[in-house]
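Each chain, written out:
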Amino acid sequence: MPIQSGLQFALKRLKQAAFGLLAVAVATGAGVWLDYDATTADAIQFDEGDVLLVARGETLSSIVRRFEEEKRIDKSWPYLLYARYHELGNNIQFGEYSLEESITIGELIRILSSGDRKIQYRVTVLEGWTFRQMRDELANAEPLRSITSGWEDRQIMAEIAQPDLHPEGQFYPDTYFYHKGETDLDIYRIAFQEMQQHLDRAWANRTDSLQLEDRHELLIMASIIEKESLLKSEEAEISGVFNNRLVKGMRLQADPTVIYGLGDQFTGNITRKHLRADNPYNTYTRGGLPPTPISLPGEGALMAAARPLQTKAYYFVAKGDGSHKFSSTLAEHNAAVRKYQLRR
């Protein structure tokens, strides 16, 4: 080998070795610093009552640079280097976080990735409400983003992949928790799935004597029971009365279905004129079930609709204290009406 070529080769190998040693030194030094956040020396400063808002889609990089702009940290790059070195910060969750003390970058990334310390809000949808009442409640829930406020009901159903389904009764009444940045459509999706699960469970546990053809009819019946019963202890007996009437081919004659059919025309007092005015929801003028549910039924009403009490009663009337008088004959029922309704 020529002397010049040998020198060039030796210099090249020496240069490679030098770069290798430098890389090791840098990596070793970086590793030492990157494990340094176990102390609080380089902690990010927060004060009592501080709230960190992480927008949907925001990255760790933008959050840390915001800290630099707010003078919570001197420089953002060491913290970003730490996250890259430890392969952290790729699954940041949006929302509001309560951060009331100084924390290290490692702890902050853990909090933002796990959702710990997220500030939760709640909204309650009551049993027996109509879908309109649910919409009003979600529209006024803060800080829930009401993106559906100008939508028609059918647009909401289309967005949850149920374009041909009437919305009444399809959402489970419960307390729902959410974080800032979430939308009312998120709640609709969750509540719909919740109702499907509860409805499936009720239908799977139905009795053999049940006079309902499918899950849809069970949901309708449950919605009527929900509106008729103020006492949970009476739900199964009310269901038994309606089941008996279906067996005999009798009309349900349920006042809540009439009221629902009247819509805004109902002012608080149901009259004989209302009972005689025919519409698809008037179970005094039409046999069988109304075409859709009339309210959002809860677990108790769903199970009562699936498992009606074995009873001889075909009638019931409100006693005025939240309970009902159940009767097996029309004569007994008329006497109960005179005692508890007409006299009052």
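Rules used in this analysis
Residues numbered from 1 in each chain as written. Predicted model: local features only at pLDDT ≥ 70, side-chain atom pairs only at ≥ 80, totals over all residues. Heavy atoms only, no water. Axes fitted to C-alpha atoms, helices over the stretch in contact; angles between N-to-C directions. Helix = DSSP H or I, 4+ residues; strand = E, 2+ residues; numbered from the N terminus. Parallel < 35°, antiparallel > 145°, perpendicular 65-115°, else oblique. Left-handed = near helix turned anticlockwise from the far one by under 90°. Contact = heavy atoms within 4.5 Å. Nonpolar A, V, L, I, M, F, W, Y, C, P; charged D, E, K, R; others polar. Buried < 20%, exposed > 50% of the residue type's maximum accessible area, 1.4 Å probe, protein only. 1 Å grid on protein atoms, 1.4 Å probe; cavity = no way out; pocket = protein on both sides within 12 Å on 5 of 7 lines; lining within 4 Å. Points joined across faces, edges and corners; volume = space filled by probe spheres on them. Pairing = 2+ DSSP bridges. Phe/Tyr/Trp six-rings, centres within 6.5 Å; stacked < 30°, edge-to-face > 60°. Lys NZ or Arg CZ within 6 Å of the ring centre and 35° of its normal.

1. Re the packing of helix 2 (residues 60-69) against helix 3 (residues 77-85)
Phase 1: Packing of helix 2 against helix 3 leaves a shortest axis separation of 9 Å and a crossing angle of 155 degrees. By the angle between their axes, helix 2 is roughly antiparallel relative to helix 3. In the crossing of helix 2 with helix 3, the sense of the turn from one axis to the other is right-handed. Mapping the contact onto sequence places L60, S61, V64 and R65 in helix 2 and Y79, L80 and A83 in helix 3.
Phase 2: When its residues are assigned to classes, the contact of helix 2 with helix 3 shows five nonpolar, one polar and one charged.

2. Considerations on helix 3
Phase 1: Considered for burial, the residues of helix 3 that qualify are P78, Y79, L80, Y82 and A83.
Phase 2: Trailing helix 3 by a residue or two, E87 shows a phi angle of about 55 degrees, which is positive.

3. Focus: the layout of surface pockets
Phase 1: Each pocket or cavity is described by its volume, and for the second largest pocket that value is around 180 Å³.
Phase 2: Along the walls of the second largest pocket sit L60, S61, L80, A83, R84, E87, L88, G89 and N90, which together make up its complete lining.
Phase 3: Its residues assigned to classes, the lining of the second largest pocket shows four nonpolar, three polar and two charged.

4. A short note on unusual backbone geometry
Phase 1: Residues E142 and P143 are joined by a peptide bond in cis, for which omega reads 0 degrees.
Phase 2: By the element assignment, P143 lies in the loop between helix 5 (131-139) and helix 6 (153-159).
Phase 3: You will see that K71, though not glycine, has its phi angle at about 65 degrees, which is positive.
Phase 4: Relative to the helices and strands, K71 is located in the loop between helix 2 and helix 3.

5. So, the side chain of N244
Phase 1: Along the chain, N244 falls in helix 9 (residues 235-248).
Phase 2: Excluding residues that lie within four positions of it along the chain, N244 makes contacts with T311, K312, A313 and Y314.

6. Some words on the pairing of strand 6 (residues 324-327)
Phase 1: In this sheet, strand 6 lies alongside strand 5 (residues 315-318) in antiparallel orientation, the contact comprising four bridges. Looking across to strand 6, one finds that F316 is bridged to F326.
Phase 2: Hairpin remark: strand 5 followed by strand 6, antiparallel, with five residues in the connecting loop; positive phi at G320, about 100 degrees.

7. Digging into the packing of aromatic side chains
Phase 1: Applying the stated criterion to the full structure yields nine aromatic pairs.
Phase 2: Taking 5.7 Å as the distance between ring centres and 85 degrees as the angle between the ring planes, the aromatic pair formed by F46 and F67 counts as edge-to-face. Here the residue F46 occupies a position in the loop between helix 1 (3-34) and strand 1 (51-54), and F67 occupies one in helix 2, the gap between them amounting to 21 residues.
Phase 3: Exposure remark for F67: the relative accessible area of 1% places this residue in the buried category.
Phase 4: When the centroid spacing of 5.7 Å and the interplanar angle of 75 degrees are considered together, the rings of F242 and F316 count as edge-to-face. Taken together, the residues F242 in helix 9 and F316 in strand 5 connect sequence positions 74 residues apart.
Phase 5: In textbook terms, an aromatic cluster arises when at least three aromatic residues are bridged by ring pairs, as seen for F131, F171, Y188 and F192.
Phase 6: One cation-aromatic arrangement involves K118 over F94; the distance from NZ or CZ to the ring centre is 5.1 Å.

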